[in-house]
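Spelled out from the first residue to the last, the chains are:
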Amino acid sequence: MIFAWTFTCFVLQTARSLMSQEYFSALIQCIAAFGFAGMVLGLSVLFGRRAKVRKPANIPYECGMIPLGDGAPIFSVKFYLVAMLFVIFDLEVVFLYPWAINFKDFVMQNPEAFGSMCFFIGILLFAYAYAVGKGVVNWHHNPAPRKS
């Protein structure tokens with residue numbers, strides 16, 4: 001314990017002499033965060049009770065019924081594609097909103113900002129047209145039934 005304290009003091013004195021005050025406070029906060037996380041994990045391993053291994057407890061969804069089947073249903077890839085498109089276009093709105101708020105002042109002082117934003121919106125429209133062309137947002141597509 002004494003060795004750890006002296007080592008910590010040595011590291012802090014060395015770090016203080018090498019770093020400016022701004023970075024030293026960030027270093028102290030990182031050391032405190034990692035130290036607290038390590039201490040909590042160590043104490044939970046040291047003092048935590050071990051569970052008795054029971055066969056029924058090791059199966060998923062222990063709620064009185066024996067699980068049958070594959071579990072989670074399989075979703076179509078279209079759900080994931082639409083979710084990704086939503087995230088992408090939603091992030092683009094985050095970029096457009098501050099520009100739209102300061103539109104009048106910003107464009108009057110900097111006319112090429114309007115051209116660059118038009119280029120940005122053009123790329124978005126191209127990406128949207130590409131997604132529509134690939135059928136990503138077409139929910140009523142009914143493929144031809146297979147012949148047996």
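Keep in mind that this is a model prediction, so the values were computed, not measured.

Criteria and cut-off values
- Residues numbered from 1 in each chain as written.
- Predicted model: local features only at pLDDT ≥ 70, side-chain atom pairs only at ≥ 80, totals over all residues.
- Heavy atoms only, no water.
- Helix = DSSP H or I, 4+ residues; strand = E, 2+ residues; numbered from the N terminus.
- Buried < 20%, exposed > 50% of the residue type's maximum accessible area, 1.4 Å probe, protein only.
- Contact = heavy atoms within 4.5 Å.
- Areas by Shrake-Rupley, 256 points an atom, 1.4 Å probe, with all protein chains shown as cover.
- Expected span 1.5 Å × (residues − 1).
- Patch = residues over 30% accessible without salt bridge, like charges linked within 9 Å, V, L, I, M, F, W, Y side chains within 5 Å.
- Salt bridge = Lys/Arg side-chain N within 4 Å of Asp/Glu carboxyl O.
- Phe/Tyr/Trp six-rings, centres within 6.5 Å; stacked < 30°, edge-to-face > 60°.
- Bend = angle between axes of the 7 residues up to and from the residue.
- pLDDT = per-residue confidence, 0-100.

Chemist: In this structure, what is going on with the overall build of the chain? I would like to understand it.
Modeler: Secondary structure summary: the chain contains five helices and zero strands in total. Counting from the amino terminus, the chain carries its helices and strands in the arrangement α-α-α-α-α. Taking all 148 residues of the chain together, 8% fall into the buried category. In the chain, once contacts between residues fewer than 6 apart in sequence are set aside, the share between residues at least 24 apart is 48%. Accessible surface for the chain amounts to roughly 13,900 Å². Of this, 71% is attributable to carbon and sulfur atoms.

Chemist: Quick question: what am I supposed to make of helix α5 (residues 112-134) here?
Modeler: Residues spaced three or four apart along an α-helix point in a common direction, a consequence of the helix completing one turn every 3.6 residues. Given a rise of 1.5 Å per residue, 23 residues ought to cover 33 Å, and the 33 Å separating the end C-alpha atoms of α5 matches this to within 8%. Among all positions of α5, only Ala113, Met117, Leu124 and Ala131 are buried. The inward-facing, buried residues of α5 abut α3 (77-101) and α4 (103-109). Gly135 lies just past α5 and shows a positive phi near 85°.

Chemist: Looking at this structure, how should I read a nonpolar patch on the surface?
Modeler: A cluster of nonpolar side chains, namely Phe36, Met39, Val40, Leu43, Leu46 and Phe47, defines an oily patch on the protein surface of about 650 Å² accessible area. By the element assignment, Phe47 lies in helix α2 (residues 21-47).

Chemist: I keep staring at the packing of aromatic side chains and nothing clicks. Help me out?
Modeler: Note on aromatic pairs: each is described by the distance of the centres and the angle between the planes. Taken as a whole and judged by the stated rule, the model has one aromatic pair. Geometrically, the ring pair formed by Phe89 and Tyr128 is edge-to-face, given 6.2 Å between the ring centres and 80° between the ring planes. With Phe89 in helix α3 and Tyr128 in helix α5, this residue pair connects regions lying 39 residues apart in the sequence. Owing to a relative accessible area of 24%, Phe89 belongs among the partly exposed residues under this scheme. Residue Tyr128 is classed as partly exposed on the basis of its relative accessible area of 45%.

Chemist: Help me understand α3 in this model?
Modeler: The terminal C-alpha atoms of α3, which comprises 25 residues, lie 37 Å apart, in line with the 36 Å expected from a rise of 1.5 Å per residue. The largest bend in α3 amounts to roughly 25° and is located at Phe95, with the proline Pro98 lying one to four residues further along. Against α4 and α5 lie the buried residues of α3.

Chemist: What is the right way to look at the confidence of the model for the chain in this model?
Modeler: Low pLDDT means the predicted coordinates in that region are not meant to be read closely. This prediction gives the chain a mean pLDDT of 75; 64% of its residues lie at or above 70. The weakest mean pLDDT in the chain belongs to helix α1 (residues 2-18) at 63; the strongest belongs to α2 at 87.

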